[in-house]
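What the coordinates show
Listed below, chain by chain, are the residues.
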Amino acid sequence: MTSNSPRGEASPQAATTDGALDAANVKAIVFLSASMAFFAFDDMFIKLAAADIGVGQILAVQGLLSILYFGYLARMRGQRITRAALISPAIATRHVGDVAGAVCFVIALSLMPISNASAILQAAPLAVTLGAALFLRETVGWRRWSAIAVGFAGVLLVIRPGMEGFNAASLFAVAAVFGLAIRDLGTRVVPHAIPTEIIALIASCLFLVTAVVLQSFMSPWKVMSWPTTGLVLSASVCGILGVHLITIAIRIGEISLVAPFRYVRVVIAIIIGMVVFGERPDMYTIAGTGLIVASGLYTLYREHSARHRRSRHS
């Protein structure tokens, strides 16, 4: 952005605009971090419930409750599902990534340690940065390209393909990474005229249909016990709050700046894995997780540096 003020001085309008951008990014970071905490507890409840019922049944209950929640919000705010919300290419792309990512991750979560699954999922910000460079034409220098490579090397350490500790379920977690990256990129380019609640409502409907089909093919439906019902309902509440907050965060924040804060999820997931499930991450998982998180933090640092340089030259 060029300034009409004398050299070395920023116009009041430019300062106001930059301040508003910073405030929006701070708000997005807070929302994203909170959503990651909710998702970590959502994962915990799902993994506990999956010991008794199929993952499709869990997802179906979550989808139904999400429809009720976001439908209620949309009705209270006088929002309607418009033709643009149904046929927008950005909306369709977002929903495909959302459903595929969520289903793949829940399958992985039911079959492997929660800390490993969450560690792999932390590569999503790197996949988002990669997608932003390839499809949204955001500038990514060689240092951030290097960080992306290091992060995916960390994923390989967690997965350990061809080694004794390899778990085929981790491939579902990898698929979830790319699905959720597609979701976030699609969310970013959705027209702002389409309300967040409508986006989430449509996604919840697709989510429910997918879950019903998945459960029907994978395993029989079961009557849930009261403890299992409590776990599923708890997972649903955490998931709904997580989805709402992350959708807002991605829409109001700068994607390459906000995305790395997903690492909050893996920290909480490791603690949950150790305390609730008795997991003890091995050396490869710890090293891989460290590389993934460090590369995400470095990406954040490089983005801050680029923003400061642009600010000085405006």
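Calculation notes
- Residues numbered from 1 in each chain as written.
- Predicted model: local features only at pLDDT ≥ 70, side-chain atom pairs only at ≥ 80, totals over all residues.
- Heavy atoms only, no water.
- Axes fitted to C-alpha atoms, helices over the stretch in contact; angles between N-to-C directions.
- Helix = DSSP H or I, 4+ residues; strand = E, 2+ residues; numbered from the N terminus.
- Left-handed = near helix turned anticlockwise from the far one by under 90°.
- Contact = heavy atoms within 4.5 Å.
- Nonpolar A, V, L, I, M, F, W, Y, C, P; charged D, E, K, R; others polar.
- pLDDT = per-residue confidence, 0-100.
- Salt bridge = Lys/Arg side-chain N within 4 Å of Asp/Glu carboxyl O.
- Phe/Tyr/Trp six-rings, centres within 6.5 Å; stacked < 30°, edge-to-face > 60°.
- Buried < 20%, exposed > 50% of the residue type's maximum accessible area, 1.4 Å probe, protein only.
- Lys NZ or Arg CZ within 6 Å of the ring centre and 35° of its normal.
- Core = buried A, V, L, I, M, F, W, Y, C linked by side-chain atoms within 4.5 Å.
- Polar contact = N/O pair within 3.5 Å; in protein donor to acceptor, adjacent residues only side chain to side chain.
- Parallel < 35°, antiparallel > 145°, perpendicular 65-115°, else oblique.

Turning to the packing of helix α5 (residues 114–121) against helix α8 (residues 170–188), a few remarks are in order. With their axes 8 Å apart at the nearest point, α5 and α8 run at an angle of 35 degrees to one another. Between α5 and α8 lies a crossing whose hand is right-handed. Of the residues in α8, those in contact with A117, I120 and L121 of α5 are S170, A173, V174, A176, V177 and L180. Of the residues in the contact of α5 with α8, the class split is eight nonpolar, one polar and no charged.

Another point: the confidence of the model for the protein chain. Taken residue by residue, the protein chain gives an average pLDDT of 80. The fraction at 70 or more is 84%. Ranking the elements of the protein chain by mean pLDDT puts helix α11 (residues 255–258) last with 69 and helix α2 (residues 55–76) first with 91. Contacts from residues 1–20, a stretch scored under 50 in pLDDT, to residues over four places away or in other chains number ten contacts.

Another point: the environment of V189. Note on placement: V189 falls in the loop between α8 and α9 (196–218). When the C-alpha atoms of V189 and A90 are compared, they prove to be 6.2 Å apart, with 99 residues separating the residues in sequence.

Let's shift gears to the pattern of salt bridges. Counted by the stated rule, this structure contains six salt bridges. With its nearest N and O atoms 2.2 Å apart, the salt bridge here joins E197 to R77. With E197 in helix α9 and R77 in the loop between α2 and α3 (83–87), this pair connects stretches of sequence that are 120 residues apart. A salt bridge links D98 to R183, with the shortest nitrogen-to-oxygen separation between them at 3.7 Å. In this pair, D98 is assigned in helix α4 (residues 89–111) and R183 in helix α8, connecting sequence segments 85 residues apart. A cluster of three or more residues bridged by salt bridges with shared partners is formed by R94, D98, R183 and D184.

Moving on to the packing of aromatic side chains. Applying the stated criterion across every chain yields a total of one aromatic pair. Taking the centre distance of 4.9 Å and the plane angle of 80 degrees together, the rings of Y69 and F70 count as edge-to-face. By relative accessible area, F70 is classed as buried at 1%. The ring of F277 carries K47 above its face, with NZ or CZ at 5.9 Å from the centroid.

Moving on, we get to the nonpolar core. The biggest cluster of nonpolar side chains holds 51 residues, and the ones touching the most others in it are L59, I120 and V177. The element that contributes the greatest number of residues to this core is α4, accounting for nine residues. Non-local contacts of V177, meaning those with residues more than four positions away in its chain, are made with I120, L121, A123, A124 and A127. If you look at the next biggest cluster of nonpolar residues, it comprises ten residues, including M36, F39, I246 and I250.

Here we come to the side chain of H244. Along the chain, H244 falls in helix α10 (residues 226–252). Overall, H244 belongs to the buried group, its relative accessible area being 12%. Polar side-chain contacts of H244 include one of 3.4 Å to the side chain of Y69. In this structure, H244 is in contact with Y69, F70, L73, T196 and E197, ignoring residues within four places of it in sequence.

Before going further, it helps to spend a moment on the environment of S204. Mapped onto the elements, S204 comes out in helix α9. Apart from residues no more than four positions distant in its own chain, S204 is found in contact with G63, S66, I67 and F70.

Let's shift gears to the packing of helix α6 (residues 124–135) against helix α7 (residues 142–159). Two elements in contact, α6 and α7, have axes separated by 9 Å at closest approach and are oriented at 140 degrees. As far as their axial angle goes, α7 and α6 are oblique. Remark: the crossing between α6 and α7 carries left-handed chirality. Contacts from L126, A127, T129, L130, A133 and L134 of α6 reach α7 at R144, W145, A147, I148, G151 and F152. When grouped by side-chain class, the residues that make up the contact of α6 with α7 number nine nonpolar, two polar and one charged.

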